[in-house]
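Overview (structure and organization)
Listed below, chain by chain, are the residues.
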Amino acid sequence: MKIFLTRKIPDDGIKVLKNHEFQVDIFPENRQPTKEEIIKGVRDADALISLLSDPIDREVIDSARNLKVIGNYAVGYNNIDVEYARKKGIIVVNTPGVLTDATADLTFALILAAARRVVEGDRFMRDKKFRGWEPMLMLGKDVWGATIGIVGAGRIGQAVGRRARGFNMRILYHSRTRKMEFERETGARFVSLTELLRESDIITLHVPLTQETRHLIGEEEFKIIKEGAILINTARGEVVKEEAMIRALKSGKLFAAGLDVFYGEPNVNTELLSLPNVVLTPHVGSATERTRRKMAEMVCEDVSRVLLGREPLHRVV
Ligand code: NAP
Ligand code: GLV
Ligand code: GLV
């Protein structure tokens, strides 16, 4: 059986596939393959291991003659037409859980960097602008004791909540369903999205990208947001209406933003690049050595299970 990978992933995963004596076919170049290249690779493959940047749409799915399983090397799977895969009897698996803490850590890195102007300060130093300690130099916002609003209290959202407790924060959250255990553990309070936006000093997004969450934070929401709040997005760029966010960053309605994900990646709005109160990271939420190794093992083990006729452990559809 043949497995096509759209990019090289850590050896921990490849070893799993080779131990089962599957034929492993890896896209040979260190860049995103084009859709045509994905179609070519998947044509006679029994399994596909894709990245979140690979659009696995109807056309790709229809071009595959023997495909039994798609393993997304990510927890988010908005790049895959999962409904169509289901219809065609193709199983989809992903990598939940193993990247939760790494992504929550990066969320906190962005919170601290945005609130305390860490990146702006670094640039200031390199530009040789430092003239010594000043009473009013680069004043930021308090993180300790702030009110944090978590939008989407799933695995990552709750992990951010646990970290927030260590910073003595008041925790508000909005999700589709109440999380009693999370409330007991962290003292978090379940509120409407409107109340969360109105009350939070720091708003952090952890919903998956779906039809309901596309532009969840749009023009109307930016009107409600508290003056001087900080917005953190490590979910997906499309959850936020980008032009509205840029306006809020320019007017000072938002004090700052910390962004790991962007609208229409790999493109990044050039206006964002010119704003000093934005901290940008290149979609690296799960990018630690250990996490990426675990993700590789996880996706390859689950894909192998399907090919061997067993039920996968992390099935999306
Ligand atoms: P998860 O456990 O499924 O959590 C998502 C939460 O969002 C769920 O608790 C769900 O609520 C909530 N939700 C879904 N639709 C909603 C809506 N319309 N309104 C309010 N809440 C809604 O997923 P996760 O593992 O935490 O990952 C979350 C997302 O983070 C992924 O989908 C991915 O896009 C992103 N991510 C990014 C990085 C990165 O590198 N930056 C890394 C990992 C993940 P209920 O539980 O109440 O139904
Ligand atoms: C990363 O963004 C993921 O969804 O795993
Ligand atoms: C700052 O460095 C202080 O000592 O207050």
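Residue numbers restart at each chain and count upward from 1, following the sequence in its written direction. Just so you know, chain letters begin at A and ligand numbers begin at 1, following the order they were written in. The model is predicted, so local features are restricted to residues of pLDDT at least 70 and side-chain atom pairs to those at 80 or more, both for listing and for counting; the totals for chains, interfaces and linings are taken over all residues. Here the side-chain values reflect all heavy atoms present in the structure, with hydrogen atoms and water set aside.

Looking only at helices and strands, the protein features 13 helices and twelve strands. Rg of the C-alpha trace for the protein: 21 Å, near the compact-globule value of 20 Å for 317 residues, within the 12% margin. Dimensions of the protein along its principal axes, counting C-alpha atoms only, are 65 × 50 × 35 Å. The burial tally for the protein puts 51% of its 317 residues in the buried class. By the convention used here, residues are in contact when the closest approach between their heavy atoms is within 4.5 Å. A fraction of 59% describes how many contacts in the protein between residues 6 or more apart in sequence connect residues 24 or more apart. Under the convention used here, a 1.4 Å probe and the Shrake-Rupley method define accessible areas, while residue burial counts only the protein chains that appear. For the protein, the accessible surface area stands at approximately 15,700 Å², while carbon and sulfur atoms represent 50% of it. Mean positive and mean negative side-chain charge positions of the protein (49 and 44 charges, respectively) differ by 2 Å. Going along the chain from the N terminus, every DSSP run of H or I of four or more residues is numbered as a helix, and every run of E of two or more is numbered as a strand. Throughout, the radius of gyration refers to the C-alpha atoms, and the reference size of a globule is 2.2 Å times the residue count to the power 0.38. Residue exposure (1.4 Å probe, protein chains only): buried if accessible area is under 20% of the type maximum, exposed if over 50%, otherwise partly exposed. We treat Lys and Arg as the positive residues and Asp and Glu as the negative residues; His and chain ends play no part in the count. We put the charge of a Lys on NZ, of an Arg on CZ, of an Asp on CG and of a Glu on CD.

For helix α6 (residues 118-126), the complete set of buried residues consists of Glu120, Gly121 and Phe124. Down the axis of α6, the smallest arc covering the buried residues is 100 degrees, so these residues share one side. Phi for Lys128, located one or two positions after α6, is positive at around 60 degrees. It is the directions from the helix axis to the C-beta atoms that the arc portrays.

Where each domain starts and ends follows an automatic or database-derived domain assignment. Segmenting the protein into domains produces domain 1 (2-96 + 288-307) and domain 2 (100-280). Domain 1 and domain 2 are separated by 31 Å when their C-alpha centres are compared. Contacts between domain 1 and domain 2 engage seven residues on the former and four residues on the latter. Accessible area that two parts lose when put together, evaluated with a 1.4 Å probe and summed over both, is termed the buried area. For the domain 1 face of the interface with domain 2, the top three residues by lost area are Leu52, Asn78 and Pro96, together amounting to 59%. Take a side-chain nitrogen of Lys or Arg and a carboxyl oxygen of Asp or Glu: if they are within 4 Å of each other, that pair is a salt bridge. At the junction of domain 1 with domain 2, the criterion picks out zero salt bridges. The term polar contact refers here to a pair of N or O atoms within 3.5 Å; inside protein, the definition further demands a hydrogen-donor-capable atom paired with an acceptor-capable atom, and it admits residues adjacent in sequence only when both atoms are side-chain atoms. Along the contact surface separating domain 1 from domain 2 lie one residue pair in polar contact (both at pLDDT 80 or more). A breakdown of the residues in the side of domain 1 that touches domain 2 according to their chemical character gives three nonpolar, four polar and no charged. Each residue is assigned to one class: nonpolar for Ala, Val, Leu, Ile, Met, Phe, Trp, Tyr, Cys and Pro, charged for Asp, Glu, Lys and Arg, and polar for all the others, Gly among them.

Attention now goes to the packing of helix α1 (residues 11-19) against helix α13 (residues 289-307). Structural elements are reduced to axes, namely lines fitted to C-alpha atoms, with helices fitted over the stretch in contact, and the angle between N-to-C directions of any two is expressed from 0 to 180 degrees. Closest axis-to-axis distance for the α1/α13 pair is 7 Å, and the angle between their directions is 20 degrees. In terms of orientation, α1 lies roughly parallel with respect to α13. Classified by chirality, the crossing of α13 by α1 is right-handed. Counted together, Asp12, Gly13, Ile14, Val16 and Leu17 of α1 and Arg293, Ala296, Glu297, Cys300, Glu301 and Ser304 of α13 form the full contact between these two elements. Here the contact of α1 with α13 is composed, by residue class, of five nonpolar, two polar and four charged. Angles below 35 degrees are treated as roughly parallel, those above 145 as roughly antiparallel, those between 65 and 115 as roughly perpendicular, and all remaining angles as oblique. Two helices crossing with the near one rotated counterclockwise from the far one by less than a right angle form a left-handed crossing, whereas a clockwise rotation gives a right-handed crossing.

With that out of the way, let us pick up the sheet that holds strand β11 (residues 254-259). Should DSSP find at least two bridges between two strands, the strands are taken to pair. Pairing is parallel in the open sheet, where seven strands are placed in the order β8-β7-β6-β9-β10-β11-β12. Only two strands of the sheet have a single neighbouring strand rather than two, namely β8 (189-190) and β12 (278-280). Across three bridges, β11 lies against β12 in parallel orientation. Across the sheet, the residue bridging to Leu259 is Leu280, located in β12. Against the sheet, helix α5 (residues 100-115) engages β6 (147-151), β9 (202-205), β10 (229-233), β11 and β12, with an angle of about 145 degrees to β11.

This paragraph deals with the sheet that holds strand β4 (residues 69-72). The five strands are arranged β2-β1-β3-β4-β5 in an open sheet whose pairing can be described as parallel. Since the sheet does not close on itself, it has two edges, and those belong to β2 (23-26) and β5 (91-93), each with one partner. With direction set aside, neighbouring strand axes in the sheet form an average angle of 15 degrees. Here four bridges tie strand β1 (residues 2-5) to β2, and the two strands are oriented parallel to one another. Among the inter-strand pairings, Phe4 is bridged to a residue of β2, identified as Asp25. Sitting on the sheet, α1 touches β1, β2 and β3 (47-50), and the angle it makes with β2 is about 145 degrees. The strands that α13 touches are β1, β3, β4 and β5; relative to β4, the one it contacts most, it runs at about 170 degrees.

Okay, α1 next. Those residues of α1 that sit buried are Gly13, Ile14, Val16 and Leu17. Each buried residue of α1 sits inside an arc of 155 degrees when the element is viewed along its axis, so together they form one side. Relative to its buried face, α1 has exposed residues pointing more than 90 degrees away, namely Lys15, Lys18 and Asn19. Its buried side turned inward, α1 meets β1, β2, β3 and α13. Just downstream of α1, Glu21 is the residue with a positive phi angle, here 60 degrees.

We call a residue near a molecule or strand when any one of its heavy atoms sits within 4 Å of it. Lining the immediate surroundings of ligand 2 are Leu52, Ala74, Val75, Gly76, Leu99, Arg236 and His283. Here Val75 contributes a backbone N or O atom positioned 2.8 Å from an oxygen atom of ligand 2. The contact in question runs from an oxygen atom of ligand 2 to an N or O atom on the backbone of Gly76, over 2.8 Å. Relative to its unbound accessible area of 190 Å², ligand 2 is 87% covered by the protein chains. Among the residues making up the shell around ligand 2, the classes are represented as four nonpolar, two polar and one charged.

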